[in-house]
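For reference, the chains in residue letters:
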Amino acid sequence: MSLRLSPWRALAPWLISLLVLLVIPLLVSSNGTFSIINLIAINIVFALSYNMLLGQGGMLSFGHAVFFGLGAYGAIHVMNLIGDAGYDGQGFWAHFPVYLLPLVGFATGALAALLVGWPFCRRAGTAFAMITLGLGELVAAGSQMFPTVFGGEAGVFSNRMVGPVWFGLELAQPADVYWFSAFWVLLAVFAMWAFTRTPLGRMSNAVRDNAERLQFIGYPPRNLRFLVFIAAGGFAGLGGGMAAVNYEIVTPESLGLLTSGLALLMAAVGGLGVFYGPIVGAIVVTVMNSLLSDYTDASILYVGLVFLAVVMFAPAGLGGGVEQVRQSWRRGELTRQLPGWLGGAVSVLLIALGLVASIELVYQLSHGRDKLAQVLGLQPDPSSPLVWLGVVALFAAGYGVARASKNYREARS
Amino acid sequence: MSHALTIDDLKKSFGPAEVIRGVNLRVEKGEVHAVIGPNGAGKSTFFNLVSGAFAPTSGEVRLHGQRIDGLAPEKIQQRGLARSFQVSNVFGNLSVFENLRCACFKQCAAGYTFWRPAASVKRANRRAEEVLAMIGLADLRDSPAGALPYASQRALEIGMTIAGEADVVLLDEPTAGMSNTETTQAIELIRQVAEGRTLMIVEHDMGVVFELADRISVLVYGEIIATGTPEAIRNDPRVKEAYLGEEAA
Ligand SMILES: Nc1ncnc2c1ncn2[C@@H]1O[C@H](COP(=O)(O)OP(=O)(O)OP(=O)(O)O)[C@@H](O)[C@H]1O
Ligand SMILES: [Mg+2]
């Protein structure tokens, strides 16, 4: 018979999220930390919107940033309209609070997807990937040709301290923006989760699994892909709108391939197959990006390595891993299976440490100094064979643990 | 217009290969019509033409008197013709129930709905539960369809085909690869499916065919060489030579 969740079980993740969002400002005081948290919120919305396409709808896009960026541009131009209208000004925009700009982002993103999406959605797979790649490049290049809209290299600036303020919700400090981000991230995540429960959400899974069969139950795959594409574009735009308010500047970079790649990276690291996967991915990748760049010049390399490690060793992503552990626990097999998994994790960690050490040492050889080593108070000598022996030992230990835990897993499966 | 399907001079070529070479057939409303023939005769291709998977090279297909040849599969489905596949063709990552419910959305005009939960589309849920019970997979309701045992997946394949309440149903080798017990269950299911519907079925198992069919057509090298009651087909010398004889040998 059906295993339906009790209402409390279904509500729990939302109550916990709400609680976490309410507690964060009690624990955090520095503007820097608030900035990172605000960025995490933006990236959660962006990564989840990307997963509506890839994880839910089976459409691999390399141009999703177009809708994020256009949403951001839409929002920042409206922010300027609000500013131009002035506090006591006349007209519609004079009464439009900056707080609602993510809605403008949503509308812009969805409209853009509606305008360009139909020809894209004929096929999924490689054709779709190629076309979206082309779109991304086209829009990024095209943005340089319309400096009045996209602001050229420098982008479009604005000021979020304009327009009517509702309920005293000012947007001066990053800490103020936190409440804005918390509100919108919760709303957007809930909306995207609710979407997965609707008939269209389910049909988007069906088109992912088997587009051919879909036709024989009465639906052309293209229509379904198109609707999902519009929805995903809208939510990406909503994230863009949040970014516009957060940064008060939007540059053409936000439309480009790197930003699109970030969405794919976050979603894949977190896991495409579980709803909360991209949330985990967005948190991990954003924190890594933000923190590592303070400590090492190779931060992008490390994010890339994490991506590689996940794709190779945990293709279901971090969220998929969590889900596996949960199911094992439910079946009462966790005590039996966990040691094997932990061993695997430890081996990956050891090998990663070895890699980090090698990269930093090589970096030190070529640049003469190393931030990470300095921060850690280490003075390793890259020309000393002993240091390199240590690195080799790390790799060897990682390999050993990997073998042992693999044997353990196989013996117990 | 008492024919559910009217097929006139239907032809299909893949490049130089002429696979369907002028099929004429009348399927009466409410009958169970079996299509038999040797491997590679074009049975699946014939179903593909009728259900819209391929457009015919020439010829006409009428469903309840209306032309459907060359229409897209979803258009044909909307007019009340559904089909199953020889190789199970389900939504692998969705649960059994979800597979069935997705197959029910069309008749509720709900597939594009994004403003309310799927659970609130009462009619689709009711129908999906009904079909779930009918195909005997209630125990596997929440299992991913891709992980089902073979026979269960075949049952789901049939379930998805009939979930949309089409009145003309084509089943392509529904019992292929099943054990004897599984086949007996499948026959029971197909009998229920045939209730109040027109059923066309491709089947290699002669036991199943003679048990279920009101009439049989024999397709050999893209042509129907005989159509008739099981009795007539059994005794038709051409059929014996072309097909049954071959089996006996
Ligand atoms: N899409 C296609 N392109 C080219 N040739 C095809 C195509 N589909 C089928 N054929 C050819 O048409 C012929 C008939 O195939 P079909 O699958 O219709 O036979 P069948 O009667 O269903 O056989 P079986 O009993 O094995 O299922 C075969 O020779 C096959 O190779
Ligand atoms: Mg066949």
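Residues numbered from 1 in each chain as written. Chains lettered and ligands numbered in written order. Predicted model: local features only at pLDDT ≥ 70, side-chain atom pairs only at ≥ 80, totals over all residues. Heavy atoms only, no water.

Looking at the packing of aromatic side chains
All told, the structure shown has 23 aromatic pairs over all chains when counted by the stated rule. Relative to F96 of chain A, the ring of F92 of chain A has its centre 6.0 Å away and its plane inclined at 50°; by these criteria the two rings are tilted. Residue class for F92 of chain A comes out exposed when judged on its relative accessible area of 58%. Ring geometry for F114 of chain B against W115 of chain B: centres 5.1 Å apart, planes inclined by 75°, an arrangement best described as edge-to-face. Overall, F114 of chain B belongs to the partly exposed group, its relative accessible area being 48%. Pairwise contacts between aromatic rings join F67, F120, F128 and F229 of chain A into one cluster. (Phe/Tyr/Trp six-rings, centres within 6.5 Å; stacked < 30°, edge-to-face > 60°. Buried < 20%, exposed > 50% of the residue type's maximum accessible area, 1.4 Å probe, protein only.)

Some thoughts on the domain arrangement of chain A
Here the domain parsing of chain A yields domain 1 (27-288) and domain 2 (333-412). The gap between the C-alpha centroids of domain 1 of chain A and domain 2 of chain A is 37 Å. (Domains from an automatic or database assignment.)

Looking at the pairing of strand 9 (residues 215-220) of chain B
Residue and element names in this part refer to chain B. For strand 9, the tally of buried residues reaches five of six residues, placing the bulk of the element in the interior. Inspection of the sheet shows strand 3 (residues 32-36) paired to strand 9 by four bridges, in the parallel sense. Bridge pairing in strand 9 places H33 opposite R215. As paired elements, strand 9 and strand 10 (residues 223-228) share five bridges and run antiparallel to each other. Bridge pairing links I216 to G228 in strand 10. (Helix = DSSP H or I, 4+ residues; strand = E, 2+ residues; numbered from the N terminus. Pairing = 2+ DSSP bridges.)

Structural notes on the site of ligand 1
All names here are of chain B. In the neighbourhood of ligand 1, 13 residues make up the surrounding shell, with G42, K43, S44, T45 and Q86 lying closest. Contact distances for ligand 1 include 2.9 Å between an oxygen atom and a backbone N or O atom of G42. Take S44: an N or O atom from its side chain is 2.8 Å from an oxygen atom of ligand 1. Its free accessible area being 630 Å², ligand 1 has 60% of it covered by the protein chains. Broken down by element, the shell around ligand 1 gets its largest block of residues, three residues, from helix 1 (residues 43-51). (Near = heavy atom within 4 Å. Polar contact = N/O pair within 3.5 Å; in protein donor to acceptor, adjacent residues only side chain to side chain. Areas by Shrake-Rupley, 256 points an atom, 1.4 Å probe, with all protein chains shown as cover.)

As for the pairing of strand 4 (residues 58-63) of chain B
Residues and elements named next belong to chain B. Across five bridges, strand 1 (residues 3-14) lies against strand 4 in antiparallel orientation. Residue pairing for strand 4: I7 is matched across the bridge by V61. Two elements, strand 4 and strand 5 (residues 66-67), share two bridges in a ladder whose sense is antiparallel. Bridging across to strand 5, R62 finds its partner in R67. Linking strand 4 to strand 5, which pair antiparallel, is a turn of two residues; within it H64 sits at a positive phi near 50°.

Re a nonpolar patch on the surface
On the surface, L18, L22, W166, F167, L169 and W179 of chain A cluster together into a nonpolar patch covering about 640 Å² of accessible area. As for its position among the elements, W179 of chain A is in helix 7 (residues 174-197). (Patch = residues over 30% accessible without salt bridge, like charges linked within 9 Å, V, L, I, M, F, W, Y side chains within 5 Å. Salt bridge = Lys/Arg side-chain N within 4 Å of Asp/Glu carboxyl O.)

Here's the deal with the coordination of the magnesium ion (ligand 2)
Residue and element names in this part refer to chain B. Those protein atoms acting as donors to the magnesium ion (ligand 2) are S44 (OG) and Q86 (OE1), and they sit at 1.9 to 2.1 Å. Here S44, found in helix 1, pairs with Q86, found in the loop between strand 6 (81-83) and helix 3 (96-104); they are 42 residues apart in sequence, far enough to count as distant. A relative accessible area of 33% means that Q86 is categorised as partly exposed. (Donors = N, O, S within 2.8 Å, 3.2 Å for Na, K, Ca; no water.)

Looking at the sheet that holds strand 4 of chain B
All names here are of chain B. Strand order across the open sheet formed by four strands is 2-1-4-5, with antiparallel pairing between neighbours. A single partner strand is all that each edge strand has here, and the edge strands are strand 2 (17-28) and strand 5. Across the sheet, helix 1 touches strand 1, strand 2 and strand 4, and the angle it forms with strand 1 is around 115°. (Contact = heavy atoms within 4.5 Å. Axes fitted to C-alpha atoms, helices over the stretch in contact; angles between N-to-C directions.)

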